[in-house]
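If you want the building blocks of each chain, they are given just below.
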Amino acid sequence: MLNAFFVALAVFVGVGGHELFGMVMLSRPIVVAPLTGLLLGDVQTGLLVGASLESIFMGVVNVGISSTAEPALAAGLATAFTIQMGGNVGTIIPIVFPLAVLGLQFMNFIFSFVIGPFAPKFEQLALEGKDKSITALHFGLWVLHYALIPFFAVWLGSDVVQTILQSIPKVIMNGLTVAGNMLPAVGMAMLMQMLWDKKTGIYYILGFVAVAYLKLPLIAIAVLGVVIALVTAQRDMQLKDMMAKPAVASASANDSEEEDFFAIRKMFWRSGAMYASVNPVTMGGAGFCYAMIPFINHFYKNDEKKRREALARHVSYFSTTVPLASFVMGIAGSMEKENSEKPDFDANAIGSIKTSLMGPLAGIGDSLVVGTVIPILLGIALGFAEGGSPLGPLFYIIVWNATSIWFQKFVYFKGYELGGSAVELLVGQKATAFRESVLVMGQVIVGAMAASWVSISTNLVIAQSYDAETGKLTDVTLGSKLDGAFPKILTMLFVLFAWWLMAKKNITPIKVLLLFVVIGFVGSVVGFLG
């Protein structure tokens, strides 16, 4: 039971910390698994498990409100089972994945039926002007939401589950190992689906071939992707026009009085906890309001009616990619200041601009952050993590958070400077070239990732050849022939097959993952896959 408690603690730190501090990526398998290993006294196994699971769950990032499984729970359980059973991580993964899917359903139950009913309370508190109560409820729901998840981990980490796993026959375990090796193909296909566009799909092939044929490292592929993206953007529209500063800006942090500036900075540092009390009714609305509280209290300190209206305005529905949410907060803050200073200002415009920016920013964020930046950093981190090196998770956590915080701070103050004029910059025609260039870069990276981190092969013997030196017959496999014509062709075909099932046949990722487990298991038993 003590081991189960450690698994629960690692999952709580990962999942809860990720939401509390603003997409800091503590919930990634490459982080949770080593942490679990550290608590259980075997960091090396945790590092190996984290690297193996990350290649599968790389495509499992919450996009909007959708996900496929709970990666942190899978990482904690897989590490514990591998250490305690002395098993092969490839054997454990197919067993753990259904538990991770079940864990997600448990989280969704809490999300909908435990946290959801509290959503109307935020609006009531806002209308009453009780900003301290909003803050207390915001973090109270965070504790309630993420403290319940570890209990599920404790149950799954019990001796009963381990006894069941240890009773599985060896032939089945071998089949599950092969099945586990196939699951990263689905993870790559999920990323591919997120970025897919008919005009840019060919760049996926380019990234794949660059690794399979030319053996280029992922960093070189990333540079190549950036160059191609810039060329594409310049072809459609000159970058100088895209980045030109609008002639009119609503406000500037540099022009604010010192007291105003401190309120602005305080709002930024609160923005990371936007999804701490995420609920199905308003998503990050309560967290958005929590971040705005110091700003609202400062600028409406002499007008209680407007202060309450502003609080109520910002507990309404809001959802977009976390690193770009601070941009909207900056814009909203600038417009709130203007509303506090101008009696004829239309306060309804603040909500309208928030609503109009959610979709475009989510599209940019999901393709740029989830589909491009995160895979690049994870790919590099996985390279560092080979052989169980701690450099992998350390690199990922440090580089991601340093980059993310700098970026969020930059767009936050830029949003405050631009105010309402930022809408045209993001939803107008000038943004099209930028978004398409991001898709191009993402396709190149995902293709390279698929060739680097997915390995599907066949050991099916199709002939025998005579070795004159040894005087013995050697087997000629189908896999060697296929790789001779097109290296890793089987890997590419399975990734494309998974993408086709999800994108064209609308089959859910969970079903595709389970299908690949079956294909891998059966393929191993009949001797085709190995």
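What counts, and where the lines are drawn
- Throughout this document, residue positions are counted from 1 along each chain, in the order its sequence is written.
- Residue-level local features of this predicted model are given only where pLDDT is at least 70; pairs of side-chain atoms are given and counted only at 80 or more, and the full residue set underlies all totals for whole chains, interfaces and linings.
- Side-chain measures here rest on the full set of heavy atoms in the structure, leaving out hydrogens and waters.
- The helix and strand labels rest on DSSP assignments: H or I over at least four residues marks a helix, E over at least two residues marks a strand, and numbering proceeds from the N terminus.
- In this scheme, a residue with accessible area under 20% of its type's maximum is buried, one over 50% is exposed, and one in between is partly exposed, where area comes from a 1.4 Å probe on protein chains only.
- It only takes one pair of heavy atoms within 4.5 Å for two residues to be counted as in contact.
- Two rings from Phe, Tyr or Trp (for Trp, the six-membered ring) form a pair when their centres are within 6.5 Å of each other. A pair whose planes differ by under 30 degrees is stacked, one over 60 is edge-to-face, and the rest are tilted.
- Residues belong to a common nonpolar core when they are buried Ala, Val, Leu, Ile, Met, Phe, Trp, Tyr or Cys residues joined through side-chain atoms within 4.5 Å.
- Orientation is described by axes fitted as lines to C-alpha atoms, over the contacting stretch for helices, and by angles from 0 to 180 degrees between their N-to-C directions.
- With respect to orientation, any angle under 35 degrees is reported as roughly parallel, any angle over 145 as roughly antiparallel, any angle of 65 to 115 as roughly perpendicular, and every other angle as oblique.
- Helix crossings get a hand from a simple test, with the near helix turned counterclockwise from the far one by less than a right angle marking a left-handed crossing and a clockwise turn marking a right-handed one.
- A residue's pLDDT is the predictor's confidence in that residue, given on a scale from 0 to 100.
- Salt-bridge detection follows one rule: a side-chain nitrogen of Lys or Arg within 4 Å of a carboxyl oxygen of Asp or Glu.
- For patch building, the residue pool is restricted to those with more than 30% relative accessible area and no salt bridge; the joining distance is 9 Å between like charges and 5 Å between nonpolar side chains (Val, Leu, Ile, Met, Phe, Trp, Tyr).
- Here the accessible surface of atoms and residues is derived via Shrake-Rupley with a 1.4 Å probe, and residues count as covered only by protein chains that are part of the display.
- Taking the helix axis as origin, the arc is that swept by the directions to the C-beta atoms.
- Classes in brief: Ala, Val, Leu, Ile, Met, Phe, Trp, Tyr, Cys and Pro nonpolar; Asp, Glu, Lys and Arg charged; the others, Gly included, polar.

A. Spatial organisation of the overall build of the protein chain. A tally of regular secondary structure across the protein chain gives 23 helices and two strands. Counting only residues that meet the buried cut, the protein chain has 55% of its 530 residues in that class. Partitioning the intrachain contacts of the protein chain with sequence separation of at least 6 by distance along the chain shows that 78% fall at a separation of at least 24.

B. How the structure looks around the packing of aromatic side chains. Scanning the model with the defined rule gives 13 aromatic pairs in all. Centroid distance Phe295 to Phe299: 4.6 Å. Interplanar angle 50 degrees. Geometry classified as tilted. Linking Phe295 with Phe299, this pair stays in helix 14 (residues 285-299), spanning four residues, or about one helical turn. For the residue pair Phe295 and Phe299, the accessibility class agrees, reading buried in each case. Here the aromatic rings of Trp406 and Phe410 are separated by 5.7 Å at their centres, their planes lie at 10 degrees, and the arrangement is stacked. Note that Trp406 and Phe410 are positioned in helix 18 (residues 391-418) at a spacing of four residues, about one turn of the helix.

C. Representation of the nonpolar core within the structure. Grouped together as the largest cluster of nonpolar side chains are 145 residues, with contacts concentrated most on Tyr396 and Phe516. The greatest single-element share of this core, amounting to 14 residues, is contributed by helix 17 (residues 348-384).

D. Representation of the packing of helix 2 (residues 29-40) against helix 18 in the model. At a minimum axis separation of 9 Å, helix 2 and helix 18 run at an interaxial angle of 130 degrees. As far as their axial angle goes, helix 18 and helix 2 are oblique. Remark: the crossing between helix 2 and helix 18 carries left-handed chirality. Contact residues: helix 2 offers Ile30, Val31 and Pro34, while helix 18 offers Gly392, Pro393, Tyr396 and Ile397.

E. Unusual backbone geometry, seen in detail. Here the phi dihedral of Lys488 falls at roughly 65 degrees; this positive angle occurs in a residue that is not glycine. The topology assignment puts Lys488 in the loop between helix 21 (478-485) and helix 22 (489-503). Here Asn506, not a glycine, exhibits a phi torsion of approximately 55 degrees, which is positive. According to the relative accessible area criterion, Asn506 is exposed, its value standing at 65%.

F. Spotlight on the environment of Ile364. Summarising the element assignment, Ile364 is placed in helix 17. Residue Ile364 is classed as buried on the basis of its relative accessible area, which comes to 7%. Separated by 43 residues in sequence, Ile364 and Thr321 have C-alpha atoms that sit 8.5 Å apart.

G. Region of interest: the confidence of the model for the protein chain. Residues of the protein chain with pLDDT of at least 70 account for 78%, and the chain-wide mean is 76. Summarising per-element confidence for the protein chain, the mean pLDDT is lowest in helix 12 (residues 239-243) (47) and highest in helix 22 (90). Below pLDDT 50 for its whole length, residues 242-256 participates in 30 contacts with residues either more than four positions away or in separate chains.

H. Inspection of the environment of His314 at higher detail. Inspection of the secondary structure assignment puts His314 in helix 15 (residues 304-314). For His314, the residues in contact, after removing those within four places along its chain, are Gly285, Phe288, Cys289, Met292, Ile296, Ala332, Glu336, Ile350 and Lys354.

I. Just the pattern of salt bridges, in detail. Going through the model one piece at a time under the given rule, you end up with eight salt bridges. As a salt-bridge pair, Lys130 and Glu128 come within 3.2 Å of each other at their nearest N and O atoms. Arg307 is paired through a salt bridge with Asp131; the nearest N and O atoms lie 3.1 Å apart. Within this pair, whereas Arg307 is found in helix 15, its partner Asp131 is found in helix 7 (residues 131-156), the two being separated by 176 residues in sequence. In this structure Arg307 comes out as buried when scored by relative accessible area, which is 9%. Among the charged side chains, a salt-bridge network with shared partners connects Asp131, Glu304, Arg307 and Arg308.

J. Fine view of a nonpolar patch on the surface. The grouping of Leu460, Ile462, Val518, Val522, Val525, Val526 and Phe528 at the surface amounts to a nonpolar patch, some 580 Å² of accessible area in total. If you tally residues by element for the nonpolar patch, the top one is helix 23 (residues 509-525), at three residues. Mapped onto the secondary structure, Leu460 falls in the loop between helix 20 (430-453) and strand 1 (461-467).

K. Geometry of the environment of Leu311. Of note, Leu311 is situated in helix 15. Each C-alpha atom of the pair Leu311 and Ile296 lies 7.4 Å from the other, and the pair is 15 residues apart in sequence. The contact partners of Leu311, leaving out residues within four places of it in the chain, are Ala126, Gly129, Asp131, Cys289, Ile293 and Ile296.

L. A look at helix 6 (residues 119-127). Buried within helix 6 are the following residues: Ala119, Phe122, Leu125 and Ala126. Seen from one end, helix 6 has its buried residues packed into an arc of 120 degrees, which puts them on one side. Note on helix 6: the residue one or two positions beyond its end, Gly129, has a positive phi of about 75 degrees.

M. Main features of the packing of helix 14 against helix 16 (residues 322-341). Interaxial distance between helix 14 and helix 16 falls to 10 Å at its minimum, and their mutual angle equals 25 degrees. The angle between the axes of helix 14 and helix 16 places the two elements in the roughly parallel class. Helix 14 and helix 16 meet at a crossing whose hand is right-handed. Side by side, helix 14 and helix 16 meet where Phe288, Ala291, Met292, Phe295 and Phe299 of the first sit next to Val328, Met329, Ala332, Gly333, Glu336, Lys337 and Ser340 of the second. Among the residues making up the contact of helix 14 with helix 16, the classes are represented as eight nonpolar, two polar and two charged.

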